[in-house]
Structure formats: C-alpha cells, structure tokens
Amino acid sequence: MRKFLGAVAAVMLWGCGGQGSAPVSTTDAADGLELAQEAGGLSGRFVQEGAEARFSSREVEPGVYRLEVRQNGMTLTGLLDVANGVSDLDGFAEESGQGTQMLDGDRALLSGLYAALNAQLPAGDAATAEARYLRRAVGLWAEHPTTVELQRTVMGEQGRGYTMLCSYAKCNGSFTGSCGGVYNWYSYAKHDCQHGGFDFTGNQQIAQLGDHTSCSGDEYYLSGSSWVCGEPDHWSRPKVMGICFGRCGGGCGGDTQYTLDATNHDGCVRNGHALASAYCDDQFSSASDDELYAPNCY
C-alpha cells in the first residue's frame, strides 16, 4: 500500500435507521435526479418512489474529497485520500447516532442514485474528480452487504490492493459488443461458500470479461455447444459472458475498472448467490478498494 495519510482519509458509511425503518416521504417531489455542480464540488438530491437521497462531494484539500449521502435515516459521509489510496469507512443512524446495517431498502435507493449519476455524469475520467469519486462511493454503498461491518478501513494500491484485468475485458478488438466468436477467457472467477473453497471447481467460472451481450438483464453461459441465458448454479467451471462481468460497480456503471477482486465478487453473486449474500462478504470487502481507487481501463 501507499504510505498512510497525507490527510486522514475516511469514507464513513453510516447504516440505515435500522431494522426496517420507513423511507422519508417526499410525496411533493418528482422522481429523478437534481444535480448542481460548481468549482471543486457538486451537490443534489435524488427521489425514487417517495424516498429521497441528498448528496454532496467536495475537494477539501488537494487530492482529498469529502462525501456525504443522507437517505433512509442514515448518513454516509467521509473523506477519500486519493493520493494515498486510503479511506476509513464508518456509519451511523441519524436518529440514534449508533452504528447499524445496510438493508435492502437502502441498497435499492442507492442503486437508483448510482444509475442516475451514471446517466447524467460524463463517463470515466471525463467526469470531474468530485463527481467520479462520489459515483464510485455510491456504487460501493449500493452493493454493501447487510452482514459486513460499516466501520472499516479501505486501502488500495495497484499490484497489492488491486490487480487490473483490462486486457481480459477485450475480445474481437473491443471492450463492448459481440466477440464475433473470438473470446479472451479469464480463468477463473472464484469464491468460497458452503459448497467449498476457492479450489472447488463448482465455485469457479471461466469468464469473458467486459460488456459483451446480455439477455434479459442476465448473462450467457455455455451449455454443451449452445449459449443459454441465465446463471449456472455452481457448475464445474462453466464459460460465461455478458453484462460487464468483472467490472467494478453494479451493472455497467459510469467507470470502467476491470479487476481481479471485482471479477471474483461477480463470480460469487452470479453463481447461485444473491448480491447481499453473506457468502460473498469477503469478495465484496476485497473489491472495495478496487472500486474506489482502481483506474479506468478505457
């Protein structure tokens, strides 16, 4: 890792008002994203089905960004020390000030915000740093499992904290679109779970990384000599492709980071487990620094 802290880096993930609290009602507000950008920062709000998220991101000193997202009775806030690749993640419920968990309703609202930011902000490095790191943090929070502690430190450095797999996301000369029958397989996307460890072949997938076709929001896998739409459940090393396999963030987000840990996380949640499955907690934690700090592949 890079040396710790030129400035204290903290993204404080503050979990939901807890056990099934109702979203804040904003019935007088239309669904959608309102975004205001200015020199050194941006802010706005997002409304989805009566629930509201308010957010801001600002550079508080060179290379250090303070973020805040408030939604569903929780506040997510902190500082990212990008130069040193360090963030301390933490969280609390606004009403009690106590730590809590990220629940399904929280993830749903954050996922909507992430999608809206992806649609409105420029893609990749074309976005300002304040916008880019807000988008990455929101994407990370939107996938945060219920059973992972909200208070933690995330540190990232290429070659140690994360390993880039850009070349594996390219087939037939492109990161997106059809492979034209010419694939560039990555072996293997791995996880561990109740079925076995990383060396169990049922916990491994041979993946074509990148955004190469999709079906009904899912992926394709090779069954015999035919491509089938869906997700094989703990088959022995099936070949899979589609919907940005290996890319940090949910789906095909606004950034284009393809990394080893993100590939393994995909290989867990797309192999018989749900996004918030506790069996994928270790893969999520390992991929957190990738999403925050890994560079874009294109």
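Look a little higher up for the structure.
Residues numbered from 1 in each chain as written. Predicted model: local features only at pLDDT ≥ 70, side-chain atom pairs only at ≥ 80, totals over all residues. Heavy atoms only, no water.

> In this structure, what is going on with the overall build of the protein chain? I would like to understand it.
Along its length, the protein chain carries 4 helices and 14 strands. Considering only residue pairs separated by 6 or more positions, the protein chain has 65% of its internal contacts joining residues 24 or more positions apart. When the accessible surface of the protein chain is totalled, it reaches about 12,200 Å², and 47% of it is carbon and sulfur. (Helix = DSSP H or I, 4+ residues; strand = E, 2+ residues; numbered from the N terminus. Contact = heavy atoms within 4.5 Å. Areas by Shrake-Rupley, 256 points an atom, 1.4 Å probe, with all protein chains shown as cover.)

> Sorry if this is basic, but what is going on with the sheet that holds strand E12 (residues 220–223) here?
Strand pairing in a sheet is mediated by backbone hydrogen bonds. Such pairs are either parallel or antiparallel. Read across the sheet, 5 strands follow the order E10-E11-E14-E12-E13 without closing on themselves; strand pairing throughout is mixed. Looking along the sheet, the strands with just one partner apiece sit at the ends: strand E10 (186–190) and strand E13 (226–229). Along the sheet, successive strands turn relative to each other by an average axial angle of 40 degrees, direction set aside. Running at roughly 60 degrees to E10, helix H3 (residues 260–269) makes contact with E10 and strand E11 (204–208) of the sheet. (Pairing = 2+ DSSP bridges. Axes fitted to C-alpha atoms, helices over the stretch in contact; angles between N-to-C directions.)

> Got a minute to help me understand the state of the cysteines in this structure?
The bond known as a disulfide is covalent and runs between the sulfur atoms of two cysteines. Across all of its chains, the model carries 5 disulfides by this definition. Two residues share a disulfide in this structure: Cys-166 and Cys-297, whose sulfurs sit 2.1 Å from each other. For the disulfide bridge between Cys-166 and Cys-297, the dihedral angle about the S-S bond is near -80 degrees, and by the sign convention the bridge is left-handed. In this pair, Cys-166 sits in the loop between strand E9 (152–155) and E10 while Cys-297 sits in the segment after helix H4 (281–293), placing the two residues 131 residues apart along the sequence. Take the cysteines of the protein chain that form disulfides and number them in order along the sequence; they join up as 1-10, 2-3, 4-5, 6-7, 8-9. As a non-bridged cysteine, Cys-193 has Cys-268 as the owner of its nearest cysteine sulfur, 6.6 Å distant. (Disulfide = S-S within 2.5 Å.)

> Help me out: how do you make sense of the packing of helix H1 (residues 104–120) against helix H2 (residues 129–142) in this one?
The relative placement of two packed helices is expressed as an angle between their axes plus a distance between the axes. As a packed pair, H1 and H2 sit with axes 8 Å apart at the nearest point and diverge in direction by 150 degrees. Regarding the angle of H1 to H2, the classification is roughly antiparallel. In terms of crossing hand, the pair formed by H1 and H2 is left-handed. The segment H1 lies against H2, with Arg-107, Leu-110, Ser-111, Leu-113, Tyr-114, Leu-117 and Asn-118 engaging Leu-134, Arg-135, Val-138, Gly-139, Trp-141 and Ala-142. A class-by-class count of the residues in the contact of H1 with H2 yields 8 nonpolar, 3 polar and 2 charged. (Parallel < 35°, antiparallel > 145°, perpendicular 65-115°, else oblique. Left-handed = near helix turned anticlockwise from the far one by under 90°. Nonpolar A, V, L, I, M, F, W, Y, C, P; charged D, E, K, R; others polar.)

> Can you walk me through the environment of Glu-49 in this structure?
Here Glu-49 shows up in the loop between strand E3 (41–48) and strand E4 (51–61). Among the residues examined, Glu-49 registers a relative accessible area of 72% and is labelled exposed. (Buried < 20%, exposed > 50% of the residue type's maximum accessible area, 1.4 Å probe, protein only.)

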